[in-house]
Amino acid sequence: MNLSVSDIFKIPIDKHSDVKNIILKGFVRSHRQTGKINFIQLSDGSTIKKIQIVYEGELSKLDYMSTIIVKGTLVKSPAKQQDYELVADEIQCVGDCNPEKYPLPRKYLTLPYLRQFPHLRMRCETISSILRIRHKMIIAVHNFFNKQDFLNIHTPLITGSDCEGAGETFKVTSSPNFFPRDAYLTVSGQLEGEMAATALGKIYTFGPTFRAEKSDTSRHLAEFWMIEPEMCWYDLDDTIKLAMELLKYCVKKCKKWCKNELEFLKVNLGDEMNFEIITYEQAIDILNKAESVSFKEVKWGDDLSSEMEKYLCEKHYKMPLVIKNYPKEIKSFYMKQSDDGMTVNCFDLLLPGIGEVIGGSEREIRMDKLLAEMKLRNMDITKYEKYIDLRRFGNVPHAGFGLGFERLIRYLTGIEHIRDVIPFPVYFGHL
Ligand code: 4AD
Ligand code: MG
């Protein structure tokens with residue numbers, strides 16, 4: 001009977017009594033010999049847990065990370081450290097692993113060191129724990145939206161428009177020209193998300209996005225995953241509420257589903273997740289009054305630097321923080337303008353230790369205001385005709401946000417660098 005290590009741990013302890021003819025396949029995590037008895041710790045990636053293999057007989061030394069097939073009987077372990085062990089009748093080495101050459105020996109290795117070996121680092125417990133949490137959070141996100149009748153929409157990765165208008169796009173080229181006009185990798189699925197929402201009510205996208213930002217930081221990737229819900233009839237408050245609920249749900253499920261991984265990573269996600277909500281204006285006020293640090297020169301209209309966000313979220317409020325109603329000029333063209341035309345009905349959500357995780361807004365659906373704003377920003381309106389059509393035919397108020405998935409995973413795992421929470425990081429200067 002072929003079983004995985006996780007299968008073994010699913011067998012109730014009182015029911016397993018001496019299950020025979022078990023076949024396990026996996027990696028040797030350690031091998032020690034005491035007289036004629038061999039003790040092997042085996043893992044196969046199916047769980048963070050390892051199973052002890054006991055084998056009586058001659059066995060040549062099995063190196064760390066060599067692969068073996070074991071046949072034997074599952075028994076209750078006489079030792080305290082584990083509930084089960086597998087008493088092996090037969091052990092076959094399939095692939096050895098030369099310890100002189102293997103770059104990831106069994107000792108403490110730093111995450112920056114591991115980054116040099118994207119093809120091997122997933123075998124380490126830290127990275128594999130992060131990836132297990134990542135998987136569970138993908139499921140959590142889909143569950144959250146599915147329960148509330150949102151439709152998951154796939155938006156194109158190759159597109160003709162730049163949603164954020166920041167010009168940080170990767171151009172897609174081909175020879176001869178495949179498309180009739182310039183094509184880019186998407187920086188956000190929002191514009192297409194709006195098209196879907198204004199037909200289907202409530203939708204969300206969950207896909208890769210690409211940004212050619214030359215930001216060599218622990219917060220930026222060139223290829224990252226974003227979750228973008230878009231909802232008809234939602235106003236700013238509804239949207240902020242949805243964002244907070246989504247985060248609370250992910251934290252709750254992470255604590256429930258990923259106990260072992262969180263324990264391994266030494267992360268305590270606390271009890272309740274609470275948020276403070278302030279306006280941009282209040283933020284500027286607080287920064288101006290900050291005593292220990294000098295942000296005195298910051299004035300209304302300035303963008304908030306990551307240091308300022310850090311101060312507000314970690315030093316001043318010491319909790320997750322929503323900042324809303326930013327000045328129009330420092331935000332995107334599609335955001336709904338307030339009545340005085342100074343601010344937009346938008347928000348950023350910051351988490352302690354991470355900074356901005358979510359950005360969202362009500363969308364501008366008044367044709368005159370939208371067009372004027374696009375002109376002001378020198379945008380090529382002909383590229384956005386379909387987007388503008390949404391305002392021509394059955395116009396409907398709507399709103400949405402974008403959650404940076406890797407930043408969420410950083411928060412949940414306590415991992416400092418964004419390059420360590422995605423299996424194969426793509427970032428400035430690195431492929
Ligand atoms: O704030 P952003 O740029 O918002 C948008 O793209 C909107 N179109 C979203 C929407 O309303 N549908 O990006 C949203 C989030 C950020 O808050 C951040 O978490 C993440 O995406 N993000 C990045 N994550 C990793 N690397 C980067 N280079 C990122 N840029 C943004
Ligand atoms: Mg943003």
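Residues numbered from 1 in each chain as written. Chains lettered and ligands numbered in written order. Predicted model: local features only at pLDDT ≥ 70, side-chain atom pairs only at ≥ 80, totals over all residues. Heavy atoms only, no water.

Helix and strand counts for the protein come out as eleven helices and 16 strands. Along the first, second and third principal axes, the C-alpha atoms of the protein reach 85 × 60 × 40 Å. In the protein, which comprises 431 residues, the proportion classed as buried is 51%. A fraction of 65% describes how many contacts in the protein between residues 6 or more apart in sequence connect residues 24 or more apart. Accessible surface, the protein: about 21,700 Å² in total, of which carbon and sulfur atoms supply 51%. Of the charged side chains in the protein, 59 are positive and 59 negative, and the gap between their average positions amounts to 5 Å. (Helix = DSSP H or I, 4+ residues; strand = E, 2+ residues; numbered from the N terminus. Buried < 20%, exposed > 50% of the residue type's maximum accessible area, 1.4 Å probe, protein only. Contact = heavy atoms within 4.5 Å. Areas by Shrake-Rupley, 256 points an atom, 1.4 Å probe, with all protein chains shown as cover. Lys, Arg positive; Asp, Glu negative; His and termini not counted. Charge placed at Lys NZ, Arg CZ, Asp CG, Glu CD.)

A word on the nonpolar core. Judged by nonpolar contacts, the single largest core of 65 residues is most densely connected at M137, F145, L247, F347, L349, I358 and L403. It is helix α5 (residues 236-257) that contributes the most residues to this core, eleven residues altogether. Counting 34 residues, the second largest nonpolar core, distinct from the first, contains I278, V298, C346 and Y387. (Core = buried A, V, L, I, M, F, W, Y, C linked by side-chain atoms within 4.5 Å.)

In this structure, strand β1 (residues 19-34) lies alongside strand β4 (residues 67-76), joined through seven bridges in antiparallel fashion. Across the sheet, G26 pairs through a bridge with I68, a residue of β4. Pairing analysis gives seven bridges linking β1 to strand β2 (residues 37-43), with the strands arranged antiparallel. Across the sheet, residue T34 finds its bridge partner in β2, namely I37. (Pairing = 2+ DSSP bridges.)

This paragraph deals with the site of ligand 1. Residues in contact with ligand 1 amount to 24 residues; listed here are only the nearest, E164, Q190, R211, E228 and E356. At a separation of 2.6 Å, an oxygen atom of ligand 1 approaches a polar side-chain atom of E356. Separating an oxygen atom of ligand 1 from a backbone N or O atom of I358 is a distance of 3.5 Å. Starting from 620 Å² of accessible surface for ligand 1 in isolation, the protein chains cover 93%. Of all elements in the fold, only β11 (223-232), β15 (355-362) and β16 (398-404) reach the threshold of two or more residues within the shell around ligand 1. (Near = heavy atom within 4 Å. Polar contact = N/O pair within 3.5 Å; in protein donor to acceptor, adjacent residues only side chain to side chain.)

Turning to helix α4 (residues 190-200), a few remarks are in order. Those residues of α4 that sit buried are Q190, L191, E192, G193, E194, A196 and A197. Of the surrounding elements, those touching the buried residues of α4 are β7 (158-159), β10 (202-210), β11, α10 (385-392) and β16. Phi turns positive one or two residues past the end of α4, at G201, with a value near 95°.

So, on to a positive patch on the surface. A contiguous patch of positive charge, built from K147, K252, K256 and K259, is present on the exposed surface. Position of K256 among the secondary structure elements: in helix α5. (Patch = residues over 30% accessible without salt bridge, like charges linked within 9 Å, V, L, I, M, F, W, Y side chains within 5 Å. Salt bridge = Lys/Arg side-chain N within 4 Å of Asp/Glu carboxyl O.)

Helix α11 (residues 405-413) sits mainly inside the fold: nine of its nine residues count as buried. Among the residues of α11, those classed as buried are F405, E406, R407, L408, I409, R410, Y411, L412 and T413. Positive backbone phi, at 70°, marks G414, one or two positions downstream of α11.

For the rest of this paragraph, the subject is the side chain of R115. Counting through the fold element by element, R115 comes out in the loop between α2 (111-114) and α3 (125-147). With relative accessibility at 16%, the residue R115 sits in the buried group. Here the side chain of R115 touches D420 through a polar contact of 2.8 Å, side chain to side chain. Once residues lying within four places of it in the same chain are set aside, the contact partners of R115 are R121, H417, R419 and D420.

Here we take up the packing of helix α7 (residues 280-289) against helix α8 (residues 306-316). Packing of α7 against α8 leaves a shortest axis separation of 11 Å and a crossing angle of 80°. Here α8 runs roughly perpendicular to α7, going by the angle between their axes. Residues A283, I286 and L287 of α7 lie in contact with α8, whose contacting residues are M308, Y311, L312 and H316. By residue class, the composition of the contact of α7 with α8 is six nonpolar, one polar and no charged. (Axes fitted to C-alpha atoms, helices over the stretch in contact; angles between N-to-C directions. Parallel < 35°, antiparallel > 145°, perpendicular 65-115°, else oblique. Nonpolar A, V, L, I, M, F, W, Y, C, P; charged D, E, K, R; others polar.)

Attention now moves to a nonpolar patch on the surface. A surface patch of nonpolar side chains, about 390 Å² in accessible area, is lined by L157, I158, F178 and F179. Structurally, the position occupied by I158 is in strand β7. Given a relative accessible area of 41%, I158 falls into the partly exposed group.

We now examine the sheet that holds β7. Spatially, β7-β9-β8 is the arrangement adopted by the three strands of the open sheet, whose pairing is antiparallel. A strand with exactly one partner marks an edge of an open sheet, and here the two such strands are β7 and β8 (171-172). Bridge count for β8 against strand β9 (residues 183-185) is two bridges, and the pairing is antiparallel. Bridging across to β9, K171 finds its partner in Y184.

Two measures describe an aromatic ring pair: the distance that separates the ring centres and the angle between the ring planes. All told, the structure shown has 17 aromatic pairs when counted by the stated rule. For the ring pair F206 and F405, a centre distance of 5.0 Å and an interplane angle of 70° mean the geometry is edge-to-face. Residue F206 is located in strand β10, and its partner F405 is located in helix α11; the two are separated by 199 residues in the primary sequence. The buried category is assigned to F206, whose relative accessible area is 12%. (Phe/Tyr/Trp six-rings, centres within 6.5 Å; stacked < 30°, edge-to-face > 60°.)

Nothing here speaks to function; it is all geometry.
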